[in-house]
Amino acid sequence: MTTAVEVRDLRKEFVTRGGRRLRRRRVPALRGVSFTIAQGECVAILGQNGSGKSTLVRLLSTLLLAEGGTAEIFGHDVFRDPRAVRRLVNRVSVEAAFFKKMSSAENLAYAARFYGMTPRETGPRIPEILERVGFPAERRREPMENLSRGMQQKVALARALLTSPVLLLLDEPTTGLDPRSKLEVQEFIRELRRTHDATILLCTHDLVEAELLADRVGILDRGELLCLESTEALKRRFDASTLEEAFLASTGRVFEDDPEEEDDTS
Amino acid sequence: MRSSAHVVRAELVGLAGVVERNVYLVRRYIWWDLAFFVWTVANALTIVFIAEGVEAAGGQIDLERTITILLIGAVIWAYLGDIFEVLTETVAWERWEGTIEYTFMAPLARSMHLGGMGLFAVAYALVRAVLLFWVVAFFFDVDMPQANYTAALVVLAVASVSFVGIGMMTAVLPLISPEKGTQLGFIAQGILLVVSGVYYPVSVLPEWMQWLATISPATYALEGVRAAILEGDGLAELRDELWPLVVIGVVSVPLGLEVFRRGERHAKRTGKLKRSG
Ligand SMILES: Nc1ncnc2c1ncn2[C@@H]1O[C@H](COP(=O)(O)OP(=O)(O)OP(=O)(O)O)[C@@H](O)[C@H]1O
Ligand SMILES: [Mg+2]
């Protein structure tokens, strides 16, 4: 079994100004996270707002540098050899970001060029891939700004798939989609796993989606990965009958103070 | 393993993509571009009319020569502004659209990415500079029969390498200071031009500014273009301007890339590429 992702003791902090007198504070976003994902596996990460899900995805996308720990993707060190990693990875984030005046076809062709694919290579694949994610391909020449948010999100998914990534990082890919579109995208992700042997890391707030798509589910709580196991094992661990109960039990805190670390470096 | 020819091809595909995307965007915002051009023309006119104003006030000047000197200064000011603006948008525009993370996580080498921006910047600025020269010259009764336009363009082209290198350094500013970085680019442009004798000879400047002028590529660009247009100098006579431009160009591009890389690393350490999500 090939290891797709291997993360060891990954730590990330951000320095922000906040609180009274705008002191500089170090906010830990990830506190020593470790896990592995096997090739072809789909792992879902659950966690409250601000628990560090997007930070984890950004670290694996080579968009952030860690304060400590290591991350390897198919044996390539994410921080030492980012360019090798970049060829293997693509990502879909919550907000679909595009050049708004350009059409979806232009945006896709442009993005693929950064992966060395010519418009001649992507030309026939773009309508095909848009069709597959449930985007009306005949609207591919309209400027992005005219498309609804859900439609833009589908184009974002198409953009990630166009470069045939072996590791797909999905950060809330179905947030903001209508129920039918959501099902379409979920079905598509499943099909992708069946047909393309893609490895997927999925961050989501949708517990049904996590249960439906993932082989294992992890719970990230204030920068710590509490567990990463099958939904069955999770439910057993927290003595819960549904994933939602397990999630609430795992992150349930009763009047705990937030141990914000203040420091006076400023 | 991918062959090196394959890698080079992939990089060039990316570089061409950067140029093409900019062309698309200029086409989509063409009215804005025209409006900006009108502003540039008006700006240049206010400067070149100073020559007429001085004469009307009784000043003793060689009117045609002064007009040409001011015109060249105004055109190069605009040219440099266009190059810096395009390069600063490498980060600023993409951050505004939100695409920056997708661009920065792609496997394209940063040198190719910035090279594509530089190539487009030079082409874009050159078209506008030629139009500007032509439109503004039309308002004044100047005759430049001896002008060597080819030599002037060669000087500008060689100088552009340095301008792009410096532009890469200003492009990093929005990466470090997301809110105000673009404005810092204007500051760099202004400082570069004020020491380079944009509307006056460098010799009128205080000594320390004259020293800065010797390392500014804009100094040689202005001198070279003026010599080519006023005196009709050819490339052989312009070698005193050309060789410093080549030297500064050879130094400033790798320096610009390195500064940008450091800025990028800083942004990745501090999370300044993007916050939300
Ligand atoms: N670029 C940044 N600069 C400063 N702080 C940041 C930055 N990115 C994240 N943080 C902080 O790090 C912590 C984790 O944020 P992150 O975005 O990873 O959470 P998340 O789990 O994705 O949340 P959500 O469910 O709301 O998307 C938060 O406290 C956040 O404020
Ligand atoms: Mg998030």
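Each residue is numbered by its place in its chain's sequence as written, counting from 1. Chains and ligands are labelled sequentially in the order written, the chains with letters from A and the ligands with numbers from 1. In keeping with the predicted nature of the model, local features appear solely for residues at pLDDT of at least 70, side-chain atom pairs appear and are counted solely at 80 or more, and the whole-chain, interface and lining totals rest on all residues. Excluding hydrogens and water, the side-chain values take into account all heavy atoms of the structure.

## What about the overall build of chain B?
Put simply, DSSP marks the helices as runs of H or I at least four residues long and the strands as runs of E at least two long, and each gets a number from the N terminus on. On a plain count of helices and strands, chain B comes out with 11 helices and zero strands. Counting helices and strands in the order they occur from the N terminus, chain B gives α-α-α-α-α-α-α-α-α-α-α. Only C-alpha atoms enter the radius of gyration; for comparison, a globular chain is expected to reach 2.2 Å times N to the power 0.38, where N is the number of residues. Since a compact globule built from 277 residues should have a radius of gyration of about 19 Å, the 20 Å found for chain B is in line with a globular shape. The principal-axis extents of the C-alpha atoms in chain B amount to approximately 70 × 40 × 35 Å. For every residue, the accessible area obtained with a 1.4 Å probe (protein chains only) is divided by the maximum for its type, and the residue is called buried under 20%, exposed over 50%, and partly exposed between those limits. A burial count over chain B gives 52% of its 277 residues as buried. Contacts between residues were defined by any pair of non-hydrogen atoms, one from each residue, lying within 4.5 Å. Sequence separation of 24 or more characterises 80% of the internal contacts of chain B that already satisfy a separation of 6 or more. For the accessible areas, the method is Shrake-Rupley and the probe is 1.4 Å, while residue cover comes only from the protein chains on display. When the accessible surface of chain B is summed, it comes to about 12,700 Å², and 69% of that surface belongs to carbon and sulfur atoms. When charges are counted, Lys and Arg contribute as positive and Asp and Glu as negative, whereas His and the chain ends are disregarded. Note on charges: their place is set at NZ of Lys, CZ of Arg, CG of Asp or CD of Glu. For chain B, the distance from the average site of its 20 positive side-chain charges to the average site of its 25 negative ones is 18 Å.

## Observations regarding the sheet that holds strand β9 (residues 216-221) of chain A
All names here are of chain A. Pairing is mixed across the open sheet formed by six strands, whose spatial order is β6-β7-β8-β3-β9-β10. Lying at the two open borders of the sheet, with one neighbouring strand each, are β6 (89-92) and β10 (224-229). This sheet shows a mean twist of 15° between the axes of neighbouring strands, independent of strand direction. Here β6 runs beside strand β7 (residues 167-171); their pairing, made up of four bridges, is parallel. Residue pairing across strands places V89 opposite L167, the latter belonging to β7. Throughout, an axis means a line fitted to C-alpha atoms (over the contacting stretch in the case of helices), and angles, computed between N-to-C directions, take values from 0 to 180 degrees. With respect to the sheet, helix α10 (residues 243-251) is in contact with β3 (42-47), β9 and β10, its orientation differing from that of β9 by roughly 30°. Pairing between strands is defined by DSSP: at least two bridges between the two strands are required.

## Digging into the sheet that holds strand β2 (residues 23-38) of chain A
Residues and elements named next belong to chain A. Read from one edge of the open sheet, four strands run β2-β1-β4-β5, paired in antiparallel fashion. The outermost strands of the open sheet, each flanked by one partner alone, are β2 and β5 (76-77). Two strands pair when backbone bridges link them, and strand β4 (residues 68-73) and β5 are joined in this way by two bridges, in the antiparallel orientation. Across the sheet, the residue bridging to E72 is D77, located in β5. The strands that helix α1 (residues 53-60) touches are β1 (3-18), β2 and β4; relative to β1, the one it contacts most, it runs at about 120°.

## Considering the nonpolar core
Nonpolar cores were defined as sets of buried Ala, Val, Leu, Ile, Met, Phe, Trp, Tyr and Cys residues, with membership established by side-chain atoms within 4.5 Å. Grouped together as the largest cluster of nonpolar side chains are 113 residues, with contacts concentrated most on V5(A), F35(A), L60(A), L201(A), I83(B) and V136(B). In this view, F35(A) contacts V5(A), E6(A), V7(A), R8(A), L56(A), L225(A) and L228(A); residues no more than four positions away in its chain are not counted. With 45 residues, the next largest nonpolar core counts C42(A), F135(A), I189(A) and C227(A) among its residues.

## Some details on the site of ligand 1
As a matter of local geometry, ligand 1 sits amid 18 residues, with G50(A), K53(A), S54(A), T55(A) and G271(B) nearest to it. Residues are labelled near a given molecule or strand when at least one of their non-hydrogen atoms is within 4 Å of it. Flanking ligand 1 are residues from chains A and B. G50(A) has a polar backbone atom sitting 2.8 Å from an oxygen atom of ligand 1. Identification of polar contacts relies on pairs of N or O atoms within 3.5 Å, with a donor-acceptor requirement for protein atoms, meaning one able to donate a hydrogen and the other able to accept it, and with residues adjacent in sequence counted only if both atoms are side-chain atoms. Note that an oxygen atom of ligand 1 is positioned 3.0 Å from one of the backbone N or O atoms of G52(A). Contributing elements (two or more residues each) for the shell around ligand 1: β1, β2 and α1 of chain A.

## Points about the packing of helix α6 (residues 149-162) of chain A against helix α7 (residues 179-196) of chain A
Residues and elements named next belong to chain A. In the contact formed by α6 and α7, the axes pass within 12 Å of each other and the chain directions differ by 10°. Our classification of the angle between α6 and α7 gives roughly parallel. Mapping the contact onto sequence places K154, L157 and L161 in α6 and S181, E184, V185, F188 and L192 in α7. Considering only residue class, the contact of α6 with α7 consists of five nonpolar, one polar and two charged. For classification purposes, angles smaller than 35 degrees are called roughly parallel, those larger than 145 roughly antiparallel, those between 65 and 115 roughly perpendicular, and all remaining angles oblique. Any residue that is not Ala, Val, Leu, Ile, Met, Phe, Trp, Tyr, Cys, Pro, Asp, Glu, Lys or Arg is counted as polar, Gly included; the first ten are nonpolar and the last four charged.

## Observations concerning a nonpolar patch on the surface
Like charges are joined within 9 Å and nonpolar side chains (Val, Leu, Ile, Met, Phe, Trp, Tyr) within 5 Å, but only among residues with over 30% relative accessible area and no salt bridge; these make up the patches. The rule for a salt bridge is simple: a side-chain nitrogen of Lys or Arg has to be within 4 Å of a carboxyl oxygen of Asp or Glu. A cluster of nonpolar residues, W243(B), V247(B), V251(B) and L255(B), forms a patch on the protein surface that exposes about 410 Å² of accessible area. With respect to the secondary-structure elements, W243(B) resides in helix α11 (residues 239-270).

## A look at helix α5 (residues 125-132) of chain A
Residues and elements named next belong to chain A. Where α5 is concerned, the buried positions are I126, I129 and L130. Looking down the long axis of α5, one finds its buried residues gathered within 105° of arc, a one-sided arrangement. Exposed and facing more than 90 degrees away from the buried side of α5 are E128 and E131. Of the surrounding secondary structure, the elements contacted by the buried residues of α5 are α3 (104-113), α4 (119-122) and α6. Backbone geometry just downstream of α5 places G134 in the positive-phi region, at approximately 85°. In this context, the arc is that of the directions from the helix axis out to the C-beta atoms.

## Remarks on the interface of chain B and chain A
Each partner contributes to the interface: chain B provides 43 residues, whereas chain A provides 38 residues. Accessible-area loss on putting two parts together, using a 1.4 Å probe and summing over both, is the definition of buried area adopted here. For the chain B and chain A pair, buried surface summed over both sides reaches about 3,600 Å², with 55% attributable to carbon and sulfur atoms. Sorting the residues of chain B by area buried against chain A places Y102(B), M105(B) and P107(B) first, and these three jointly supply 22% of that buried surface. The interface formed by chain B and chain A holds seven salt bridges in total. Here E121(A) ties to R9(B) by a salt bridge, and the two come within 3.2 Å at their closest N and O atoms. Counting across the interface, chain B meets chain A through 16 residue pairs in polar contact (both at pLDDT 80 or more).

## Brief notes about the confidence of the model for chain B
Residue and element names in this part refer to chain B. Confidence scores here are pLDDT values: one per residue, from the predictor, ranging 0 to 100. For chain B, the average pLDDT comes to 91, and 98% of its residues sit at 70 or higher. No element of chain B has a lower mean pLDDT than helix α8 (residues 181-194), at 83, and none a higher one than α11, at 95. Predicted complex metrics record ipTM = 0.88 and pTM = 0.89.

## Topic: unusual backbone geometry
All names here are of chain A. Of note in the backbone geometry, T62 takes a positive phi value of approximately 65° without being a glycine. Looking at the element boundaries, T62 is found in the loop between α1 and β4. Judged by its relative accessible area of 4%, T62 is buried. Phi angles above zero are rare outside glycine, and F74 is one such case at about 45°. Mapped onto the fold, F74 is located in the loop between β4 and β5.

## Here's the deal with a negative patch on the surface
There is a patch of like negative charges on the surface, built from D62(B), E64(B), D141(B) and D143(B). By the element assignment, D62(B) lies in the loop between α2 (30-56) and α3 (63-97).

## Points about α6(A)
Every α-helical turn comprises 3.6 residues, leaving residues that sit three or four positions apart pointing alike. Taking 1.5 Å of rise per residue, 14 residues should cover 20 Å, and α6(A) covers 20 Å from first to last C-alpha, within 8% of that figure. Where α6(A) ends, the next residue or the one after it, S164(A), has phi of about 45°, a positive value. Expected span, for any helix, means 1.5 Å times one less than how many residues it has.

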